[in-house]
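What follows is each chain in one-letter form.
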Amino acid sequence: MIKEGEHLEGVEPINEKIIKNSAFLKIMQNKIINDEAVLTYLTKLLNGRDVLDKSGYSGSSTIIVNTDDINKESLVIKIQPKDSLKEEFIAYNYFYKNKLAPKPLKYFDCGKYEFMIVKKINLPTAGNYFNNFQEIALFFGKELRKFHDLNLKKGKFTKEELKVFSKKFIKSFDEALKNETGLIYSSMYMDDYDYDKMKKDLQDNKNYLFDDAVVVHGDFNPNNVFVDKEGIALIDFKDSGFADRHYDIFWTMFMLIIFSGILADKKATLECEKIFLDSYGRDLIVEEKLTFFKKFACMYWKRHDEITRIDIL
């Protein structure tokens, strides 16, 4: 087992810094919150605790609030410029009801910014749990199949949840077609840099997008999956919605290759693919769909090339 603080080859740790409670609340008051009631709620919730800035490069700030001798509940606060955090909060509620996510506590719209608070999962991430890509590929194939096999039907959703999940991949498809180029690592993986043809292929086969649709996580990767002997817990639902399962199948497989640092090793890449796809189950895998979603993901995730962490803290 990889110890806390270590990671698979190629997975870089996120920079962390501790921020004093008073300094954090002052930043929130000056930059984020213009509502005394909201500030009072946050002050009471933090209860004097310092926070840990664990933000990456996703366009959001991720703040960890750990337990102490007085406060027995750890929290995660996510802050970002006004965008789609409310939709993610709704998704958190849905997956929490299905016992797959931590409990979402509050969402606040503060004008220019929005933030939400969820309970923190006190388990190791999958990236810190496995020794090698073979182990992690075997595990992720089985767990992703279980996730898709929940067979979550549209009748189980609230109108609000149904609206959020239904529009997600329509919006994502439109975004993919707007990008002039694709995600370079995905292009390297496919050995394909003809982005105009990719977009044409997407247009010609867009019926695949919702063929045999399930609820996909959207970013089922080792940083978003927490593991213990009881099972898994998930976070980060900003890309969750109704789509064909092959989106999750490809993107998860690709992210395992990236996180394991084996993209340049063709033999290891092929081994990782085989283990993962065999573990998921070849009975539901259609190569044409997998090819479609390779191109879709390449064009859609290009947007992350241009996202950098926001300067809040």
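The structure under discussion appears in the preceding block.
Below is a summary of the structure that appears in this document. Computed from a predicted structure; not experimentally measured.

Rules used throughout
- Residues numbered from 1 in each chain as written.
- Predicted model: local features only at pLDDT ≥ 70, side-chain atom pairs only at ≥ 80, totals over all residues.
- Heavy atoms only, no water.
- Patch = residues over 30% accessible without salt bridge, like charges linked within 9 Å, V, L, I, M, F, W, Y side chains within 5 Å.
- Areas by Shrake-Rupley, 256 points an atom, 1.4 Å probe, with all protein chains shown as cover.
- Salt bridge = Lys/Arg side-chain N within 4 Å of Asp/Glu carboxyl O.
- Helix = DSSP H or I, 4+ residues; strand = E, 2+ residues; numbered from the N terminus.
- Buried < 20%, exposed > 50% of the residue type's maximum accessible area, 1.4 Å probe, protein only.
- Disulfide = S-S within 2.5 Å.
- Polar contact = N/O pair within 3.5 Å; in protein donor to acceptor, adjacent residues only side chain to side chain.
- Contact = heavy atoms within 4.5 Å.
- 1 Å grid on protein atoms, 1.4 Å probe; cavity = no way out; pocket = protein on both sides within 12 Å on 5 of 7 lines; lining within 4 Å.
- Points joined across faces, edges and corners; volume = space filled by probe spheres on them.

### Comments concerning a nonpolar patch on the surface
So, point 1. Taken together, the side chains of Ile-184, Tyr-185, Met-188 and Tyr-193 present a nonpolar region at the surface, about 410 Å² in accessible area.
So, point 2. With respect to the helices, strands and loops of the structure, Ile-184 is situated in helix α6 (residues 184-190).
So, point 3. Take Ile-184: its relative accessible area is 38%, and that puts it in the partly exposed class.

### Some remarks on unusual backbone geometry
Backbone geometry follows two general trends: most residues other than glycine have a negative phi, and most peptide bonds adopt the trans configuration.
So, point 1. At Asn-47, a residue that is not glycine, the phi angle is positive and equals roughly 50 degrees.
So, point 2. One can find Asn-47 in the loop between α2 (36-46) and β2 (51-53).
So, point 3. Even without being glycine, Asp-236 reaches a positive phi, approximately 65 degrees.
So, point 4. Looking at the element boundaries, Asp-236 is found in the loop between β9 (231-234) and β10 (241-244).

### Let's talk about the pattern of salt bridges
So, point 1. Counting across every chain of the model gives 20 salt bridges.
So, point 2. A salt bridge links Glu-143 to Lys-146; the shortest N-O distance between them is 3.2 Å. Within this pair, Glu-143 and its partner Lys-146 are both found in helix α4 (residues 133-148), separated by three residues, close to a single helical turn.
So, point 3. When salt bridges with common partners are traced through the structure, they connect Arg-145, Asp-149, Asp-212, Arg-245 and Asp-283 into a single cluster.

### Section: the state of the cysteines
So, point 1. Evaluation of the coordinates by the stated rule reveals zero disulfides.
So, point 2. With no disulfide of its own, Cys-298 lies closest to Cys-272 among cysteine sulfurs, the gap being 19 Å.

### As for the side chain of Ser-279
So, point 1. Relative to the elements of secondary structure, Ser-279 occurs in helix α9 (residues 266-280).
So, point 2. Residue classification places Ser-279 among the buried positions, given a relative accessible area of 15%.
So, point 3. From its side chain, Ser-279 meets the backbone nitrogen of Lys-142 in a polar contact 3.0 Å long.
So, point 4. Setting aside residues no more than four positions away along its own chain, Ser-279 makes contact with Ala-137, Leu-138, Gly-141 and Lys-142.

### With respect to the layout of surface pockets
So, point 1. The calculated volume of the second largest pocket comes to roughly 400 Å³.
So, point 2. In terms of lining, the second largest pocket is formed by 25 residues, of which the most central are Gln-80, Asp-83, Ser-84, Lys-238 and Arg-303.
So, point 3. Elements with a contribution of two residues or more to the lining of the second largest pocket: β4 (75-81), α3 (85-97) and α5 (159-178).
So, point 4. Top contributing element to the lining of the second largest pocket by residue count: α5, with five residues.

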